[in-house]
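An overview of the molecular structure
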2 protein chains.
Amino acid sequence: MSEVPQREGRRRVVIERVTPEIDCGRFAAKGVAGDDLVVEADAFSDGHDAISVVLLWRSEDEEAWSETPMEPLGNDRWRARFPLAGLGRHIYTVEAWVDRFETWRQDLAKRLAADQDLSVPLEVGAGLLEEAAARAERAGADDDAEELEAWAGRLRVEAAAGVETADHPALDPALASLARRYPDREHATRYPRELAVFADRPIARFGAWYEFFPRSTGPGEDHGTFRTAMEFLPYVAEMGFDVVYLPPIHPIGETNRKGPNNAVHAGPDDPGSPWAIGSAEGGHTAIHPELGTLEDFHAFREEAESLGLEVALDVAFQCSPDHPWVEEHPEWFRHRPDGSIQYAENPPKKYEDIYPLDFESEAWPELWEALKGVFEHWIGEGVRIFRVDNPHTKPFAFWEWAIGELREAHPGVVFLSEAFTRPKVMYRLAKLGFSQSYTYFAWRNQRWELESYLTEVTTPPVSHFFRPALWPNTPDILTEYLQTGGRPAFVARLVLAATAGASYGIYGPAFELLEATPREPGSEEYLDSEKYQIRDWNLSDGESLRPVVERVNRIRRENPALHRDDTLRFHPVDDEALVAYSKKDPDGANAVLTVVNLDPHHTRAGWVDLRLDALGLDTGESYQVHDLLGGSRHLWRGARNYVELNPNVMPAHVFRISRKTRTERDFEYFL
Amino acid sequence: MSEVPQREGRRRVVIERVTPEIDCGRFAAKGVAGDDLVVEADAFSDGHDAISVVLLWRSEDEEAWSETPMEPLGNDRWRARFPLAGLGRHIYTVEAWVDRFETWRQDLAKRLAADQDLSVPLEVGAGLLEEAAARAERAGADDDAEELEAWAGRLRVEAAAGVETADHPALDPALASLARRYPDREHATRYPRELAVFADRPIARFGAWYEFFPRSTGPGEDHGTFRTAMEFLPYVAEMGFDVVYLPPIHPIGETNRKGPNNAVHAGPDDPGSPWAIGSAEGGHTAIHPELGTLEDFHAFREEAESLGLEVALDVAFQCSPDHPWVEEHPEWFRHRPDGSIQYAENPPKKYEDIYPLDFESEAWPELWEALKGVFEHWIGEGVRIFRVDNPHTKPFAFWEWAIGELREAHPGVVFLSEAFTRPKVMYRLAKLGFSQSYTYFAWRNQRWELESYLTEVTTPPVSHFFRPALWPNTPDILTEYLQTGGRPAFVARLVLAATAGASYGIYGPAFELLEATPREPGSEEYLDSEKYQIRDWNLSDGESLRPVVERVNRIRRENPALHRDDTLRFHPVDDEALVAYSKKDPDGANAVLTVVNLDPHHTRAGWVDLRLDALGLDTGESYQVHDLLGGSRHLWRGARNYVELNPNVMPAHVFRISRKTRTERDFEYFL
């Protein structure tokens, strides 16, 4: 039998279920520098005593805690927020204690209301204040100590005199707030875990990405270079994107190189897949000579930055048979009994142009260091965003270590996980540190599946660790919906991605040029995919969605509601081909309601039944909806309103919702 | 920057979200000795490799783990179960690893199906089997080692010969199961926490309780004794109860004793409240002299046991001003500035007949020991069930320690928490060790609130730590529904409690005698409550519910479906005054469907829309429903069936559902 535990017995408050907390504190939550982190906790004591609950927080490199009182939400739940002042890890936990003075004060109010004798209670209160005075004195707050002593004396006088009025001086809020500063925390309970949040740059939360192949920016079907790609950048910048993301820019293997449309044998002039990384000219830290030199890359990156674009690189940890590592580090690859190196396969499929790295190698520590070195190399060259190819085929432990190390040294670096795989695997990658993640968005086309999936990824607990990146297409994904839906399908998917997702991206110019032909029926691969050949895009095609993309990106920038996902709410519409959802910014000044017709072939109309509370509107209130996409303005009132969308005109409304201002309401005048 | 972590890098499998796990393993889950505990976990690896997952388990006093393979449920979730062979704590965790042989085997099947060359893969497989043989040899399994070597040799021969048939010998299930016994677990991942489950006696999960005041068992209004209470026991046993629970049996204080109906002053002959514990004749370990002696108590307890009844005592940690502790241990009470001891109050209410114990006393360690000593005393006198009065007004840490210590020494002891308070407080008490808990059941009268509340407390995560005890009434709770609903209300609440709750209880004879008059309008107190006076109950009242109670308890005993709460499912009915729910036993042999008319005043009828899967029935199947309460039998088919309940006849059906047996179906004969 164990002894009565020492020191613990009088800690009466319990703290449970602190959020965000991911896997019992194993992983850091996600935040953004400059934002607040909202923390909640259950806290309660035995009995009826009042308690005080505080949030403790600090950045990881600070020693001392800052402290913020938590406010009760009811049902023993408490909430506070703290500012994520800088990039990197911040730590938080919760502390709580029985608040004897506040308990006394609440009881006194009840005793007063019941006209009870107060002499003993006032003596008790005076005693509590004297204790608080002693604590104030120990804290060096002599003035406060004196004031508390004076209050104590006054209570003792009143105890003797029997003053019993409804607004008793002992209930003075000034006294309460003074006493609250010197609580008795001897038996305070500290939550058993210190939790972490990682504050990223805002681009981790809000950004429009544009993926393109620099080699397709040359004249005609000539191999483009970083110099020709520089000339392409204004086109991207004018459409309003924030990030340009390039497929791998490294030398491409010759052995077993794939030809157009993934042909097993390449012709002599075929450029090969950029994901078959490595040749005699170098590996993951080299630049494909046909794209130019390191200086060219820097010129490209600097031009992008001058246009307000960040460059994201693709990190794909796999090697062509010609990669220098194959000779330099054969121990990093798996060898077959016949002595050959094991190529990539997912039986019965074989990918003989690729050698996977063997993470079960005895030499895994050196391999890990080398892979981290690839990131460090490009960070050294000024890159701060990485899109990571197939992270789910490398060990979770590697990513956790590598991202942890890299972010410790470079907290502004952002990692996008390209893991199109099972949900728990995708979530694990997000938990262990990926800043953003590709999603199933491309395949969610019905309203119910958009609602359920987007709600899942934008609400806790998932939203505490997972940031969805919504991409209607990628070089690997040309969905059936885009193949068959024509221009309305492209516009609908663009608007969905860009308004439902604070982070979204397109692979262009294929997207804005409505490229929709699959390699073969039933395939999601593009015909004549840029993965295997150079394409000559007609950017001045009159059908191009470029103006729509530009408008959508401008709407995104101008409306803070669209800069975050945590306020996403769906609203019922009676036609199931219409999906309606809203977002608002935290202070409620900006609210956007999007309605999309998911049927690319038919006009759809119906009544939308707005959840007014999600929009900060009152029942029966009039408000203006201004379609930022189509330009029209309507005066709506109450929850039920009619919408009609002809997909051939414009398959979506993106309404900014304007309440009348106070003055406008007073004069019944509407802007 | 930290070094590459050593030893960890090749642990590729991740284990998450093991259930049951309560507050990150802080508390033990609840189980019952003789039952299995079902454990689930998410487990997955990077890439496409097959994994193996095992559940590790042992009783707390065993050193060695037992091991059970976990089965995949899809979506990376795995499940296994282990037997709770004895009372007390059992420990479990999960381990998983990449299963190289199974991965190889699955790939081989795909290669075969694609008619690929197998020579290299077969060589690889032979290598894996040789490694397995070496592990078998190290484990001393020489025969298995030899057999694995033989298989390896055979694969090498076939690799050379090029045998490629669809049912290749390498796919022989015997080989797979042999190889599976010698896995390579060098890089296995162990879940980071060892979790605990506490196995209680079955009475913690299933039991019918009867609360009564022994002092009301005397002739007329004479003070009853344990001897007269013995004579009352057959009445309780014949109704089919399992537990008799007695209010406190200790000496009752004289100072500020309460009179009938909680009058502030008692008359000289008023017996006082049994919860005002302690007098010159003793405290929590003494017996009220008017009830008899310790020998009388033992005679009572033994008589109860001979009738199949367990005795539960009430433990109420509070003292009358006359309790011996007040003089012996004044330091265990709070003192007011005027020198008096602080009586109980919840301002403005005062309870001057009660002194609460001061858990903030400097002498709390001695106080804790003394309180634990009260349980130990009564355990020493043969009591194994305690109903704990107002545990939420004593520190959580005390209960966790006390229950932990007591259960370590006496794992069969059961604790019922009488905390009618806020939900998180009630749940915390359950987590820290209370075996059962009173609930809000008494105040859940509408269908929607019964459905939502009973679903909450019978499904995970709550059901992992909380066992609801459903009581339609207690000496403190005469609900408005019972006050106004007459006999149909009593029957409806009885049937609800006894069939929705595996644990339920009534306070009698008030309940079965339909006692329904409140002390005053709006009060839930009984008029002339037995808490303050002796009552003379007319047990032979012709209106008594005794036969109904007896039948309900017999139905409970005879139907294993009603012995547990985890299969509780609600079924839609189109009249909202009708509530329908079912339970079945784990092997599906017994299923009970209960339909209750919640309207005590009107006949209600409607169509019940059964979730056939919850009952183990197929669509379109015929089945018999036998009303064990009313006696009628009906042949139903499919989901929708009609029910009609006249509350004045019988406000509930308790149907046993009988599928035709296999033989019966074959002959289209129906029992």
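Residues numbered from 1 in each chain as written. Chains lettered and ligands numbered in written order. Predicted model: local features only at pLDDT ≥ 70, side-chain atom pairs only at ≥ 80, totals over all residues. Heavy atoms only, no water.

**Overview of the sheet that holds strand S1 (residues 13–19) of chain A**
Where strands meet in a sheet, backbone hydrogen bonds hold them as pairs that are either parallel or antiparallel. All names here are of chain A. Read from one edge of the open sheet, four strands run S1-S3-S7-S6, paired in antiparallel fashion. Here the strands that pair on one side only, and so sit at the sheet edges, are S1 and strand S6 (71–74). For this sheet, the mean inter-axis angle between neighbouring strands, taken without regard to orientation, is 35 degrees. The pairing of S6 with strand S7 (residues 77–83) spans three bridges and is antiparallel. Its bridge partner lying in S7, Gly74 is registered against Arg77. (Pairing = 2+ DSSP bridges. Helix = DSSP H or I, 4+ residues; strand = E, 2+ residues; numbered from the N terminus. Axes fitted to C-alpha atoms, helices over the stretch in contact; angles between N-to-C directions.)

**Comments concerning the relation of the copies chain A and chain B**
Screw-axis analysis of chain A against chain B gives a translation of 0.0 Å along the axis, an RMSD of 0.0 Å, and a rotation angle of 180 degrees. Given the turn and translation reported, the copies of this chain are related as if by a two-fold rotation axis. Rotation axis and chain A: the residue whose C-alpha lies nearest the axis is Cys24 of chain A, separated from it by 2.9 Å. The fraction of interface residues of chain A whose copies in chain B are also interface residues reaches 100%, indicating that both copies meet through the same surface. (Least-squares fit on C-alpha atoms with pLDDT ≥ 70 in both. Contact = heavy atoms within 4.5 Å.)

**Some points on the packing of helix H5 (residues 226–238) of chain B against helix H6 (residues 294–306) of chain B**
Residues and elements named next belong to chain B. It is the contact of H5 with H6, at a shortest axis distance of 9 Å, that shows an interaxial angle of 5 degrees. Relative to H6, the element H5 is oriented roughly parallel. Taking contact as the criterion, the partners of Phe226, Arg227, Ala229, Met230 and Leu233 in H5 are, on H6, Glu295, Asp296, Phe297, Ala299, Phe300, Glu303 and Ala304. (Parallel < 35°, antiparallel > 145°, perpendicular 65-115°, else oblique.)

**A few points about helix H11 (residues 447–458) of chain B**
Residues and elements named next belong to chain B. For H11, built from 12 residues, the straight-helix expectation of 16 Å at 1.5 Å per residue is met to within 8% by its first-to-last C-alpha distance of 16 Å. The set of residues buried in H11 consists of Arg447, Glu449, Leu450, Tyr453, Leu454, Val457 and Thr458. Mapping the buried residues of H11 onto a view down its axis gives an arc of 160 degrees, with all of them on the same face. (Expected span 1.5 Å × (residues − 1). Buried < 20%, exposed > 50% of the residue type's maximum accessible area, 1.4 Å probe, protein only. Arc of directions from axis to C-beta.)

**Overview of the pattern of salt bridges**
Residues and elements named next belong to chain B. Going through the model one piece at a time under the given rule, you end up with 118 salt bridges over all chains. A salt bridge links Arg77 to Asp42; the nearest nitrogen and oxygen atoms lie 2.9 Å apart. One end of the pair, Arg77, is in strand S7 (residues 77–83); the other, Asp42, is in strand S3 (residues 36–45), and 35 residues separate them in sequence. For Arg77, a relative accessible area of 8% puts it in the buried group. In this structure Asp42 comes out as buried when scored by relative accessible area, which is 2%. Ionic pairing is found between Asp476 and Lys531, a salt bridge with its closest N-O pair at 2.5 Å. One end of the pair, Asp476, is in the loop between strand S21 (468–470) and helix H12 (480–500); the other, Lys531, is in the loop between strand S22 (503–507) and helix H13 (546–558), with 55 residues separating them in the sequence. (Salt bridge = Lys/Arg side-chain N within 4 Å of Asp/Glu carboxyl O.)

**A closer look at the confidence of the model for chain A**
All names here are of chain A. When pLDDT is averaged along chain A, the result is 95; 97% of the residues meet or exceed 70. In the predicted structure, residues 665–671 sits below a pLDDT of 50 and forms 13 contacts with residues beyond four places in sequence or in another chain. The complex model carries a pTM of 0.95, and its ipTM stands at 0.94. (pLDDT = per-residue confidence, 0-100.)

**Focus on the interface of chain A and chain B**
Contacts between the two partners involve 66 residues from chain A and, on the opposite side, 68 residues from chain B. Interface area, chain A with chain B, both sides summed: about 6,100 Å², of which 55% is carbon and sulfur. Put simply, chain A and chain B have 14 salt bridges between them. Of the charged contacts in the structure, one is a salt bridge between Glu16 of chain B and Lys431 of chain A, with a shortest N-O distance of 3.1 Å. Taken together, the connections running from chain A to chain B amount to 18 residue pairs in polar contact (both at pLDDT 80 or more). Where the side of chain A that touches chain B is concerned, the elements lending two or more residues are S1, strand S3 (36–45), helix H1 (100–113), helix H2 (119–138), strand S15 (344–346), helix H8 (364–380), helix H9 (396–409) and helix H10 (423–432) of chain A. If one sorts the elements of the side of chain A that touches chain B by residue count, H8 of chain A sits on top with six residues. (Buried area = accessible area lost by both parts, 1.4 Å probe. Polar contact = N/O pair within 3.5 Å; in protein donor to acceptor, adjacent residues only side chain to side chain.)

**Observations regarding the state of the cysteines**
Between two cysteines, a covalent bond joining their sulfur atoms is known as a disulfide. In the structure shown here, the tally under the stated rule is one disulfide over all chains. Each disulfide pairs two cysteine sulfurs, and for Cys24 of chain A the partner residue is Cys24 of chain B, the sulfurs being separated by 2.1 Å. The chirality of the disulfide connecting Cys24 of chain A with Cys24 of chain B is left-handed, given an S-S dihedral of about -100 degrees. In this pair, Cys24 of chain A sits in the loop between S1 and strand S2 (29–32) while Cys24 of chain B sits in the loop between strand S1 (13–19) and strand S2 (29–32), so the two residues belong to two different chains. (Disulfide = S-S within 2.5 Å.)

**Overview of a negative patch on the surface**
All names here are of chain A. Taken together, the side chains of Glu137, Asp142, Asp143, Glu146, Glu147 and Glu149 define an acidic patch exposed on the protein surface. Secondary-structure assignment places Glu146 in helix H3 (residues 142–161). Note on Glu146: relative accessible area 60%, which makes it exposed. (Patch = residues over 30% accessible without salt bridge, like charges linked within 9 Å, V, L, I, M, F, W, Y side chains within 5 Å. Areas by Shrake-Rupley, 256 points an atom, 1.4 Å probe, with all protein chains shown as cover. Lys, Arg positive; Asp, Glu negative; His and termini not counted. Charge placed at Lys NZ, Arg CZ, Asp CG, Glu CD.)

**As for unusual backbone geometry**
Where the residue is not glycine, phi is negative for most of them; where a peptide bond is considered, it is trans in most cases. Residues and elements named next belong to chain B. A cis amide bond, omega 5 degrees, links Pro347 with the succeeding residue Pro348. With respect to the helices, strands and loops of the structure, Pro348 is situated in the loop between strand S15 (344–346) and strand S16 (349–351). Of note, the amide linkage connecting Pro460 to Pro461 takes the cis form, showing an omega dihedral of 0 degrees. On the secondary structure map, Pro461 appears in the loop between H11 and S21. Located in the positive-phi region is Asn256, a residue other than glycine, with phi close to 55 degrees. Considering the arrangement of structural elements, one finds Asn256 in the loop between strand S12 (243–246) and H6. Relative accessible area serves as the criterion here: at 38%, Asn256 is assigned to the partly exposed category. Notably, Asn390 is not glycine yet its phi reads approximately 45 degrees, a positive angle.

**A look at helix H1 (residues 100–113) of chain B**
Owing to its 3.6 residues per turn, the α-helix brings residues three or four apart onto one side. Counted at 1.5 Å a residue, the expected span for H1 of chain B with its 14 residues is 20 Å, and the 20 Å between its end C-alpha atoms agrees. Phe101, Glu102, Thr103, Trp104, Arg105, Asp107, Leu108, Arg111 and Leu112 of chain B are the residues of H1 of chain B that are buried. Looking at the buried residues of H1 of chain B, the elements they touch are S15 of chain A together with helix H2 (119–138), helix H3 (142–161) and helix H4 (173–180) of chain B. Backbone nitrogen of Phe101 of chain B and a side-chain oxygen of the N-cap are separated by 3.3 Å at the start of H1 of chain B; the cap is Asp99 of chain B.

**Considering the packing of H12 of chain B against H13 of chain B**
Residue and element names in this part refer to chain B. In the contact formed by H12 and H13, the axes pass within 10 Å of each other and the chain directions differ by 15 degrees. Looking at the two axes, H12 sits roughly parallel to H13. Crossing of H12 against H13: the hand is right-handed. Of H13, the residues touching H12 (which contributes Arg487, Val491, Leu494, Val495 and Ala498) are Val548, Val549, Val552 and Arg556. A class-by-class count of the residues in the contact of H12 with H13 yields seven nonpolar, no polar and two charged. (Left-handed = near helix turned anticlockwise from the far one by under 90°. Nonpolar A, V, L, I, M, F, W, Y, C, P; charged D, E, K, R; others polar.)

**Quick word on the sheet that holds strand S11 (residues 207–211) of chain A**
Residue and element names in this part refer to chain A. Read around the closed barrel, eight strands run S11-S12-S13-S18-S19-S20-S21-S22, paired in parallel fashion. Within this sheet the neighbouring strands show an average axis-to-axis angle of 30 degrees, counted without direction. In the sheet, strand S21 (residues 468–470) pairs with strand S22 (residues 503–507) via two bridges, with the strands oriented parallel. Pairing of Ala469 across the sheet is with Ser503, part of S22. Running over the sheet, H8 touches strand S13 (310–315), strand S18 (385–389) and strand S19 (414–418) and is turned about 150 degrees from S18.

**What about the nonpolar core?**
If you look at the biggest cluster of nonpolar residues, it comprises 163 residues, and the most contacted ones within it are Tyr92, Phe241, Phe300, Leu357, Phe386, Trp399 and Tyr504 of chain B. Sorting elements by how many residues they give to this core places H12 of chain B first, with 12 residues. Ignoring any residue separated from it by four or fewer positions in sequence, one finds Trp399 of chain B in contact with Phe317, Phe375, Val388, Pro391, Lys394, Gly404, Leu429, Leu432 and Phe434 of chain B. Counting residues in each nonpolar core, the second largest holds 161 residues, with Val18, Leu55, Met239 and Phe375 of chain A among its members. (Core = buried A, V, L, I, M, F, W, Y, C linked by side-chain atoms within 4.5 Å.)

**A look at the packing of aromatic side chains**
Applying the stated criterion across every chain, the model contains 96 aromatic pairs over all chains. Geometrically, the ring pair formed by Trp368 of chain A and Trp401 of chain A is tilted, given 5.4 Å between the ring centres and 35 degrees between the ring planes. Note that Trp368 of chain A is positioned in helix H8 and Trp401 of chain A in helix H9, a separation of 33 residues in sequence. The buried category is assigned to Trp368 of chain A, whose relative accessible area is 1%. Given a relative accessible area of 8%, Trp401 of chain A falls into the buried group. A ring pair is formed by Trp325 of chain B and Trp332 of chain B, whose centres lie 5.3 Å apart and whose planes are at 85 degrees; its orientation type is edge-to-face. The pair formed by Trp325 of chain B and Trp332 of chain B is uniform in burial state, with each residue classed as buried. Through a chain of ring-to-ring contacts, three or more aromatic side chains come together here, namely Phe317, Phe359, Trp364, Trp368, Phe375, Phe386, Phe398, Trp399, Trp401, Phe415 and Phe434 of chain A. Looking at Arg407 of chain A, its charged tip hangs above the ring of Phe198 of chain A, at a distance of 3.6 Å from the centre. The positively charged end of Arg535 of chain B is found above the aromatic ring belonging to Trp537 of chain B, 4.4 Å away from the centroid. (Phe/Tyr/Trp six-rings, centres within 6.5 Å; stacked < 30°, edge-to-face > 60°. Lys NZ or Arg CZ within 6 Å of the ring centre and 35° of its normal.)

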